[in-house]
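Here is how the chains run, residue by residue.
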Amino acid sequence: MREIINFNTNWKFFKEWKDNMKNEKLDNGENITLPHTVAEIPLHYFDESDTWLVAGYQNSFKYEKSKLENKRVLINFEGAMAACEVFVNGQSFGEHKGGYLPFIHDITEVLKDGDNIISVKLDSTERKDIPPFGHEIDYLCYGGIYREVQIIIVDNVSIENVMLTGLSDQTLTGKIRIRNSKKESVKEKVSIDIYNREYHICKIEKEVTLQSGELFTDIEINEHIDSDRIELWTIDNPRLYKAEATLSNEDALSVRIGFRTAEFKEDGFFLNGEKIKLRGLNRHQSFPYVGYAMPERIQKKDADILKFDLGLNVVRSSHYPASRHFLDRCDEIGLMVFEEIPGWQHIGDKAWQKVSVENVKDMIERDFHHASIIIWGVRINESQDNHDFYTETNEVAHKLDKTRQTGGVRYIVGSELLEDVYTMNDFNLDGVADPIRAQKCVTRLDKNVPYMITEYNGHMFPTKMHDCEERTIEHTRRHYAVINAVAIDKHLAGSTGWCTFDYHTHYNFGSGDRICYHGVYDMFRNPKLAASVYSSQMSKKNGIVLEPITLYARGERSIGGVSPLMISTNCDYIEIYHNNDLITKEYPATGKYQGLKHPPVIVNLAVNIPGVSEMDWVDIRIVGYIDGKPAIEKTYLSNPTFKALEVKADDTEINSINDGSTWDCTRITVKAVDAVGNRLPYINEAIIIDVQGDGELIGNDNPVLEGGYYSFWVKSNDKKGSIKVTVKNKRVADQTLEIKVK
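Colleague: Would you mind showing me how to read the pattern of salt bridges here?
Modeller: Opposite charge on two side chains lets them pair, provided their charged atoms get close. Throughout the structure, instances matching the rule amount to 52 salt bridges. With a shortest N-O distance of 2.9 Å, Glu223 and Lys206 are connected by a salt bridge. Residue Glu223 is found in strand β15 (residues 216–224), and its partner Lys206 is found in strand β14 (residues 199–210); the two are separated by 17 residues along the sequence. In this structure Glu223 comes out as partly exposed when scored by relative accessible area, which is 25%. Between Glu340 and Arg316 there is a salt bridge whose closest N-O contact spans 2.8 Å. Of the two residues, Glu340 is situated in strand β23 (residues 336–340) and Arg316 in strand β22 (residues 314–317); the sequence distance between them amounts to 24 residues. A relative accessible area of 0% places Glu340 in the buried class. A relative accessible area of 0% means that Arg316 is categorised as buried. Overlapping salt bridges bring together Lys175, Arg177, Asp218, Lys361, Asp362 and Glu365 as one network.

Colleague: Please clarify how the sheet that holds strand β39 (residues 653–654) should be interpreted in this entry.
Modeller: Pairing between the strands of a sheet comes from backbone hydrogen bonds, and it takes one of two forms, parallel or antiparallel. In space, the four strands of this open sheet follow the order β39-β45-β44-β41, with mixed pairing throughout. The sheet is open, and its two borders are formed by β39 and β41 (688–693), each paired with just one other strand. Bridge analysis of β41 against strand β44 (residues 721–729) gives six bridges, and the strand direction is antiparallel. Note on β44: the bridge partner recorded for Ile688 is Lys728.

Colleague: Would you take a moment to explain the side chain of Gln537 for this structure?
Modeller: Turning to its location among the elements, Gln537 is positioned in the loop between α7 (531–535) and β31 (546–548). Gln537 has contacts with Arg279, Tyr480, Ile483, Leu596, Lys597 and His598, leaving out every residue within four places of it along the chain.

Colleague: Looking at this model, I keep getting lost on the pairing of strand β27 (residues 451–455). Mind explaining?
Modeller: The side chains of a regular strand alternate between both faces of the sheet. Extensive coverage of β27 is indicated by the burial of five of its five residues. As paired strands, strand β26 (residues 421–425) and β27 are joined by four bridges and run parallel to one another. When the sheet's bridge partners are listed, Thr423 is paired in β27 with Met452.

Colleague: Explain the sheet that holds strand β11 (residues 157–166) here, please?
Modeller: In space, the three strands of this open sheet follow the order β11-β12-β15, with antiparallel pairing throughout. One side of each edge strand has no neighbouring strand; the edge strands of this open sheet are β11 and β15. Each strand of the sheet is rotated relative to its neighbour by a mean of 15°, with strand direction disregarded. Here strand β12 (residues 171–180) runs beside β15; their pairing, made up of nine bridges, is antiparallel. Paired with Lys175 across the two strands is Glu220, which belongs to β15.

Colleague: Looking at this structure, I do not really get the packing of aromatic side chains. What am I missing?
Modeller: The description of an aromatic ring pair uses the distance of the two centres, along with the angle that the planes make with each other. Following the criterion strictly, the structure yields 27 aromatic pairs and no others. Between Tyr100 and Tyr292, the aromatic rings sit 5.8 Å apart at their centres with planes inclined by 55°, giving tilted as the arrangement. Residue Tyr100 is found in the loop between β7 (91–97) and β8 (103–106), and its partner Tyr292 is found in the loop between β21 (278–282) and α1 (296–309); the two are separated by 192 residues along the sequence. The class for Tyr100 is buried, based on a relative accessible area of 1%. Seen from their ring centres, Tyr292 and Tyr320 are 5.8 Å apart, and the 55° between their planes marks the pair as tilted. Here Tyr320 lies in the loop between β22 and α2 (324–333) and Tyr292 lies in the loop between β21 and α1, a separation of 28 residues in the sequence. Both residues of the pair, Tyr292 and Tyr320, belong to the buried class. Aromatic ring contacts, followed pair by pair, group Tyr100, Tyr139, Tyr142, Tyr146, Tyr292 and Tyr320 into a single cluster. Directly above the aromatic system of Phe368 lies the positively charged group of Arg404, at a separation of 5.6 Å from the ring centroid.

Procedures and definitions
Residues numbered from 1 in each chain as written. Predicted model: local features only at pLDDT ≥ 70, side-chain atom pairs only at ≥ 80, totals over all residues. Heavy atoms only, no water. Salt bridge = Lys/Arg side-chain N within 4 Å of Asp/Glu carboxyl O. Helix = DSSP H or I, 4+ residues; strand = E, 2+ residues; numbered from the N terminus. Buried < 20%, exposed > 50% of the residue type's maximum accessible area, 1.4 Å probe, protein only. Pairing = 2+ DSSP bridges. Contact = heavy atoms within 4.5 Å. Axes fitted to C-alpha atoms, helices over the stretch in contact; angles between N-to-C directions. Phe/Tyr/Trp six-rings, centres within 6.5 Å; stacked < 30°, edge-to-face > 60°. Lys NZ or Arg CZ within 6 Å of the ring centre and 35° of its normal.

So this is what it looks like as structure tokens:
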């Protein structure tokens, strides 16, 4: 039976690679635990070349040949940015190009009894021979072994991969890949068991001859499962099943699958035959200070934000394959995924394109089993047409996966359609033009085709957390305009806006400070007012939303006052009170936003209440009603002052590092608030963060509040106990909380 050893602890890191690291154990490196970034970077105005290193990592593996006779020892890297050469006792296993997909080496033949030196030469420079590099790109890729590593011990015949998925007609389809390290032909029987939690649903058996000299053999699977215990995977009921493949030597490997069919048609998108309008956003996997290097809990938290806080049903993994933890969580919660290969506008030479084709293959083979993935992106984002290149990427995708369609994200009109779905970045909305363009004007075809908008807004109107009210209103209005237009168009599958979170970029993009402020959340995962456009479309049973798009200050707007007042809500109607006197009752603007289930409420106070513009500036209370009863309210003060720091942790308990596992962490959010808990967006004072106990702070311990917010992450070490966090500002009382480490 196989043994999987987490291999994430006890690494040494060296910022500069030396050739003697291949086979000489060095003790002067930095002690680190994976995931790891080659250089922690400041939040603003750094030099991105600080992350461009040719660095070294070292670890050791103790091998006992007598105990592992007839076994193979494999090492699996889930993600290392951007080129990675692995050495074992000085023996090179070649260079792997690309930072977003896993690679595995059989290191058995070079192992010796006792300690074995495993060294990694990690090149994080933006090399022209590796996608997405070769020209400028609008995001940072950082560097490091930023995903997990495992040592896998298996028999000479073992299961390499389980690429299975279920269809809505209860067909189990895909393939099982077997590794044969013997130097002879072998007859083998494979059993595939499907489980509903602990209940065994069925067994499928296949026999195959593994030919001598062929390392890998694929067994095709296409079987109908006759059972009344199969429920379809849906966005509201994401049922998952365990599919376990087992060989006669008891080597086993399992994945979680769902049974569903996803199809883009000329008249929209259909999940299990039911038409669903896709509403989502794009997501970069980057975080402040540590870039890509965040563990499982934080990857999954992003999926939760998208599904539960924003109420979305789809996410695009721009512009590269996401962490397996993120995809696992999407499977679990019913969040559909558009996954694509690495790239941004630039297409390199033939060798570059060959790496990109390999990315298509590796992406699909790694992620085939994920029920949440509904389409493969097999074109370099926003690139020009290239008939031969994209004919090949589509052929590879269709050969590997006959159950999903392909898309190719472009921004040019009249682009050659080689994919199954015409996926388009539509940045038509500029404050004057229509929110989106008509499909046939974009495709230049004389018929409708499967069509999806994959980006909008974003760079057209970047907005910071602390921007003026007029800008935050326009930011919100533009998101409303597009999702309303998408909802109305019956031939449009849906859209994913640009984007969920602000992200680090190169100096010639964004605001010059190395940040693109294109998100509806900031980099720390704090919501801007425009996030309420999406959250307000949630069903009331999943959360009640009332978010006035205002800072409620008399002189913040150029014209003064807060009229007209836009309110994002999923309530039936709202009432507004001045000093507890009802001044107006308003309903959602269904006439203006006919495509939305929950349009915003728009209140023109000067029209509804004659003379209001001359009245004294007083406290205001807004109440949302559902079924005639008050369900939620929000109060604004006429004279807000800084009263407190509100400090909250996403998790009150995290895990310590143990048995080769990764470090764990949680986010803590600090908000400067007034007496009724409203955020004070223009406080730019510093706070002091003190972390004591069995963990440490990621990033700056003396940051400045931005937009009234600051968030940070605290990470565990190898000790169990607790982490005590205190946040201070001399104007208000200290706030302390405790994170247990188990």
